[in-house]
Amino acid sequence: MKFYEVLVGGDQGPQRRLRVASPTDVQAADAAATLMRTHEAILSIRQAPDDGLQRADAPPPRTQAEEASEATPGMAAKT
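Residues numbered from 1 in each chain as written. Predicted model: local features only at pLDDT ≥ 70, side-chain atom pairs only at ≥ 80, totals over all residues. Heavy atoms only, no water.

**Observations concerning the overall build of the protein**
Helix and strand counts for the protein stand at three helices and three strands. Along the protein, helices (α) and strands (β) appear in the sequence β-β-α-β-α-α when read from the amino end. Here the protein holds 79 residues, and the buried ones make up 27% of them. Look at the contacts in the protein between residues 6 or more apart in sequence, and 51% of them connect residues 24 or more apart. (Helix = DSSP H or I, 4+ residues; strand = E, 2+ residues; numbered from the N terminus. Buried < 20%, exposed > 50% of the residue type's maximum accessible area, 1.4 Å probe, protein only. Contact = heavy atoms within 4.5 Å.)

**Considerations on the sheet that holds strand β2 (residues 15–22)**
Spatially, β2-β1-β3 is the arrangement adopted by the three strands of the open sheet, whose pairing is antiparallel. Across the chains shown, the open sheet's two edge strands, defined by having one partner strand only, are β2 and β3 (41–48). If you compare each strand with its neighbour and ignore which way they point, the axes differ by 25° on average. Note: strand β1 (residues 2–9) against β3, seven bridges, orientation antiparallel. Bridge assignment links Val6 to a residue of β3, and that residue is Ile45. In this fold helix α1 (residues 25–33) packs onto β1, β2 and β3, with an angle of close to 120° to the strand it touches most, β2. (Pairing = 2+ DSSP bridges. Axes fitted to C-alpha atoms, helices over the stretch in contact; angles between N-to-C directions.)

**Concerning the nonpolar core**
By size, the foremost hydrophobic cluster in this structure holds nine residues: Tyr4, Val6, Val8, Leu18, Val20, Ala28, Ala31, Ala32 and Ala58. Those elements that provide at least two residues to this core are β1, β2 and α1. Setting aside its immediate chain neighbours within four residues, Val6 contacts Arg16, Arg17, Leu18, Val20, Ala28, Ala32, Ile42, Ser44 and Ile45. (Core = buried A, V, L, I, M, F, W, Y, C linked by side-chain atoms within 4.5 Å.)

**Section: the layout of surface pockets**
The calculated volume of the largest pocket comes to roughly 200 Å³. Taken together, Gln27, Asp30, Ala31, Thr34, Pro59, Pro60, Pro61, Arg62, Thr63, Gln64 and Glu67 make up the full set of residues lining the largest pocket. Elements that contribute at least two residues to the lining of the largest pocket include exactly α1 and α2 (64–71). A total of three residues in the lining of the largest pocket trace back to one element, the largest contributor, which is α1. Looking at side-chain class alone, the lining of the largest pocket contains four nonpolar, four polar and three charged residues. (1 Å grid on protein atoms, 1.4 Å probe; cavity = no way out; pocket = protein on both sides within 12 Å on 5 of 7 lines; lining within 4 Å. Points joined across faces, edges and corners; volume = space filled by probe spheres on them. Nonpolar A, V, L, I, M, F, W, Y, C, P; charged D, E, K, R; others polar.)

**A few points about the pattern of salt bridges**
Applying the stated criterion to the full structure yields four salt bridges. Taking the shortest distance from any N to any O, the salt bridge between Arg17 and Glu5 comes out at 3.2 Å. Here Arg17 is found in strand β2, whereas its partner Glu5 is found in strand β1, with 12 residues between them in sequence. In this structure, the salt-bridge partner of Glu40 is Arg16, at a minimum N-O distance of 2.8 Å. In this pair, Glu40 is assigned in the loop between α1 and β3 and Arg16 in strand β2, connecting sequence segments 24 residues apart. There is no split in this pair, since Glu40 and Arg16 are both buried. Overlapping salt bridges, with partners in common, bring together Glu5, Arg17, Arg19 and Arg46 in one network. (Salt bridge = Lys/Arg side-chain N within 4 Å of Asp/Glu carboxyl O.)

The values reported here are purely geometric and, on their own, carry no functional implication.
This is how it looks when you write it as structure tokens:
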């Protein structure tokens, strides 16, 4: 798991930095989306160095298998 810093904000409004734990930068965007406010957009995503003291503002994103298990029980639910 890596740590990412996601910069979110509006066109001319304030910007916020969110820290999330994620295996990839694409999934970091998914994790940050849970904390975004109306009219905010992701402005940048960068990997943050892990100094052993990292804290995340949001939980890691769910995997596709975890998301599918709610809608289609079967093999996805068994993982």
